[in-house]
Amino acid sequence: MTRAPVNRIIDQSGVDGPGNRTVFFFQGCNFNCGYCHNPETIRMCMNCGDCVPACPAGALQIADGAVCFDAAKCRGCDTCIRLCRHDASPRIVWMTPEEAAATLERNRPFIRGVTVSGGECSLRRDFVCALFKSAKAMGLGTLMDSNGGYDFSRDPELLELCDGVMLDVKCADAAAHHALTGRPNEQVLRNLDFLVSAGKLEEARTVVVPGALPNENTVRYVCGRLAPYWAAGSDSGYKLIRFRPMGVRASYRENAMPDDALMERLRAIALEAGCPRAIVT
Amino acid sequence: MSLLSSVSEDAMRIVTDASLTHEQAMMNLSKLPGQCFYGFAPPPGFERMLTEGLISDLGEGYAPFCPRYLLPDYELFLKKGCRFLRIEPPTNLFEAIQALEMFYRHIPSITNFPVYLGRIDRLLQPFIRDEAEARYLIRHFLIFIDRTISDSYAHANIGPEATLAGEIILDCEYELQNAIPSVTLLYDPAATSDAFAAKCARNALACAKPSFANHAAYQNEYPVPYGIASCYNALPVGGGAYTLCRINLKAAAENAKDLDDLLERALPETVRAMCAFMDEKIRFLVEKSLFFRSSFLVQEGFLRRDLFTGMFGVVGLAECVNHLQALCGRPTERFGHSARADELGVAVMERLAELVNAHAAPYCAINGGHYSLHAQVGLDTDAGVSSGARIPIGDEIALYDHLRQAGRFHPFFHSGVGDIFPFEATCKKNPESLVDVIRGAFSVGMRYFSAYASDSDVIRITGYLVKRSDIEKLARGEAVRQDNVVWGLGEVRNSRILERKVRSL
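Residues numbered from 1 in each chain as written. Chains lettered and ligands numbered in written order. Predicted model: local features only at pLDDT ≥ 70, side-chain atom pairs only at ≥ 80, totals over all residues.

1. Regarding the pairing of strand β6 (residues 211-214) of chain B
All names here are of chain B.
Phase 1: Burial along β6 is two-sided: Ser211 and Ala213 and Phe212 and Asn214, pointing in opposite directions, are all buried.
Phase 2: Looking at chain direction, strand β5 (residues 182-187) and β6 are connected through four bridges and run parallel. Residue pairing in the sheet places Leu186 in a bridge with Ala213 of β6.
Phase 3: Crossover connection from β5 via helix α9 (residues 194-207) to parallel β6: handedness right-handed. (Buried ≥ 20, exposed ≤ 12 C-beta atoms within 10 Å, placed from the backbone. Helix = DSSP H or I, 4+ residues; strand = E, 2+ residues; numbered from the N terminus. Pairing = 2+ DSSP bridges. Right-handed = clockwise from strand over helix to strand, strands pointing away.)

Quick look at the structure:
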């Protein structure tokens, strides 16, 4: 049975794709971005047990050397994830795709689709395929929110089940990307080209951090690659996300938030390139 | 205190109240005589039930001279004009708007203002020739309504189909941020385009209008077309409601020893008295008072007596259930939070519907000869009694569970019911997500859905719209033009209206 570690389920979300959607956030990411807003989703729990005695609700226990989480007791105070020295979370529920599909079935009248996010959802490829299969049978849309590290071009089965990918293009510049994420960006950039050509790019996304990242360079690169498709009628969007220090690790927290003027200047580049949905958040 | 000195005291309070406009003072004064003489005899036991709070006559008094809610046939009016008012059938948009403005001035109701303004998009659409001109005229039409009808029970309907007139109305309301009129989209996913529904949701989040009515569920309620009037009252167009009286289920439960005593004694007694009271009032209204015999609205066919019904209002189902649960030693298994509590709520509503439907109501043929159940929104003076069958403010549950729960109870209320949900301001970026939620809500049985954003100035109180800024003004003792603001302030103070659970999307 394909289980996946689910960090969080949001039953109703208007910020993870079109309309109202249910979103599954998986635990575990193969990138390690300085500006990650949910650093506690990056690694898997090492069972060090530091968080167990600190939990004020008694929702954590050690059993057979592993940290166990009791969702019913959790009050969501975040003490455990603040305490964790490994960018992990003990609040993980290992779910089967069938259990996840049961959640979708309950929410089905009120949503138009499901979005899988992270961590990195492509690391849970088999689970995602199974869940999307169920979602399709319910008439729901299916979107992935991905860091782009996965080679989508080699997985036609997944792509068939997935309506579109919301692809992070963090930096077009290879060195800047590596410095930010600890990973190269070739696969990400190949995915940008491949997904848009396959009609599977829901949107590209770039987080804007003034002073720290070559923002304009990235925006110009993405727009340059997508412009021919936009000109040919593609409705792939481009979302420009303001860096926000909330939840970010201390090492990156001191960076400034971009002002409206910068965001609008970048958005103007996308509009000029013919982007039909250039969104600033 | 003698009746006379009580009335004198009320009159004195009204004429010296500097927070009332002239119009409000006049209307308050006009209600006093009807409180102290009887045009008809209330049935035995009624006065006691009134005093005990089991029943409220909602301030209609005992000598009504006009039905409570009127839904004139405005289409007919625009087609043939009005002899009595010497208004010719309009030939262009300017004339159509002016004709309606003149006509509205002469439509009475319990509020002394029209509570139904018609399906204004459909009324105006055939006259639109030039979009720019239409935008100019419709904008001023809406301003005229806000400034002359000082009461947000005035309710306009739009949809279900998208029209240019509908688009213009939405654009104007979005810009104007007026509390008046209320607007409802008659929403049917099969007839309303997704883009138009999304625009309506955008507006709801910006200015609390329109609300969404479940058109597919409502359109078969009467053998004639319906309209949404006043709060969210679904009534036959060309008719309306003679009267609305209400039972307080919380008081009824407190009056009973246990569930059985409630279902087999307290409810039947109260329903019997309330129906008898409504019967007498309607007979007086139809047979003795002036309206149906002399109003030009009736004589020229804009209203027909045979399209009226009576509304049997209900409040406090949640508190009724919670009281019964406490009696059974289950105080934590509250309405909305426990399957057993909700089952109990269904049992109470089923019994109530059975009792009301067993009563033969006079002059109510359009509703099958019976009174129609209505989820009354409450009064500003109510404390600790929730509107209709709503889950109490402060006790709300997760959104989808809440909608499903409401969907179980809405179908009981043929003449109107609704729930209200404030959403976080971020939802404005994705109004389609709100449409998804509303469509889902209707698919699980809900009949009426109101939304507003947590940062919006115009908000829905219980069944009407008020500007928050006006409530603040009135709280400082300043007069405000719109009469509902008084009730809004009372609801804010007594019913924690501003503390509704804000939903995120």
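2. Quick look at the interface of chain B and chain A
Where interface size is given, it is often the accessible area lost as the parts come together that is meant.
Phase 1: Chain B puts 12 residues into the contact, and the matching count from chain A is 13 residues.
Phase 2: Of all elements in the fold, only α17 (399-409) and α18 (431-443) of chain B reach the threshold of two or more residues within the side of chain B that touches chain A.
Phase 3: Broken down by element, the side of chain B that touches chain A gets its largest block of residues, six residues, from α18 of chain B.
Phase 4: In the side of chain B that touches chain A, the residues fall into six nonpolar, four polar and two charged. (Contact = placed C-beta atoms within 7 Å. Nonpolar A, V, L, I, M, F, W, Y, C, P; charged D, E, K, R; others polar.)

3. Some details on helix α6 (residues 186-197) of chain A
Residues and elements named next belong to chain A.
Phase 1: An ideal rise of 1.5 Å per residue puts 16 Å on 12 residues; α6 measures up with 17 Å between its terminal C-alpha atoms.
Phase 2: Among the residues of α6, Val188, Asn191, Leu192, Leu195 and Val196 are the ones counted as buried. Viewed end-on, α6 has its buried residues packed into an arc of 110°, placing them on one side of the element.
Phase 3: One or two steps after α6, the chain reaches Gly199, where phi turns positive at roughly 70°. (Expected span 1.5 Å × (residues − 1). Arc of directions from axis to C-beta.)

4. Some points on the sheet that holds strand β13 (residues 448-453) of chain B
All names here are of chain B.
Phase 1: Read across the open sheet, the six strands follow the order β3-β4-β5-β6-β13-β12; overall the sheet is mixed. Edge positions in the sheet fall to β3 (118-119) and β12 (419-423), since each of these pairs with one other strand and no more.
Phase 2: Where β12 lies against β13, five bridges are found, and the strand directions are parallel. Among the inter-strand pairings, Phe423 is bridged to a residue of β13, identified as Ala453.
Phase 3: Strands β6, β12 and β13 of the sheet are contacted by α18, whose axis makes an angle of about 155° with β13. (Axes fitted to C-alpha atoms, helices over the stretch in contact; angles between N-to-C directions.)

5. Notes on the sheet that holds strand β6 (residues 113-117) of chain A
Residue and element names in this part refer to chain A.
Phase 1: Strand order in the open sheet formed by nine strands is β5-β1-β2-β6-β7-β8-β9-β10-β11, and the pairing between neighbours is mixed. With one partner strand each, in any of the chains shown, β5 (93-95) and β11 (278-280) form the two edges of the open sheet. Strand-to-strand twist in this sheet, taken as the mean axis angle between neighbours without regard to direction, amounts to 30°.
Phase 2: Lying on the sheet, helix α3 (residues 125-137) is in contact with β1 (4-13), β6 and β7 (141-146); it crosses β7 at an angle near 155°.
Phase 3: Those strands touched by α6 are β8 (164-168) and β9 (201-208), and its axis lies near 155° from that of β8.

6. A few points about the environment of Arg108 of chain A
All names here are of chain A.
Phase 1: Counting through the fold element by element, Arg108 comes out in the loop between α2 (97-107) and β6.
Phase 2: Sequence spacing of Arg108 and Met138 is 30 residues, and the spatial spacing of their C-alpha atoms is 7.6 Å.
Phase 3: Apart from residues lying up to four places away in sequence, Arg108 is in contact with Met138 and Leu140.

7. Quick notes on the nonpolar core
Phase 1: Counting residues in each nonpolar core, the largest one holds 234 residues, and the members touching the most others are Leu205, Ala252 and Leu434 of chain B.
Phase 2: In this view, Ala252 of chain B contacts Leu54, Ile247, Leu262, Ala266, Leu267, Thr270 and Cys320 of chain B; residues no more than four positions away in its chain are not counted. (Core = buried A, V, L, I, M, F, W, Y, C linked by C-beta atoms within 7 Å.)

8. What to know about the domain arrangement of chain A
Phase 1: Domains assigned within chain A are domain 1 (4-38 + 95-280) and domain 2 (45-83).
Phase 2: Look at where the C-alpha atoms of domain 1 of chain A and domain 2 of chain A centre, and you get two points 30 Å apart. (Domains from an automatic or database assignment.)

9. Section: the domain arrangement of chain B
Residue and element names in this part refer to chain B.
Phase 1: Its domain assignment divides chain B into domain 1 (45-66 + 240-499) and domain 2 (69-233).
Phase 2: If you average the C-alpha positions of domain 1 and of domain 2, the two centres end up 24 Å apart.
Phase 3: For the side of domain 1 that touches domain 2, the secondary-structure elements that each account for two or more residues are β9 (240-248), α14 (296-299), α18, β13, β14 (458-460) and β15 (465-467).
Phase 4: The biggest single contributor to the side of domain 1 that touches domain 2 is α18, with seven residues.
Phase 5: A breakdown of the residues in the side of domain 1 that touches domain 2 according to their chemical character gives 27 nonpolar, 12 polar and 11 charged.

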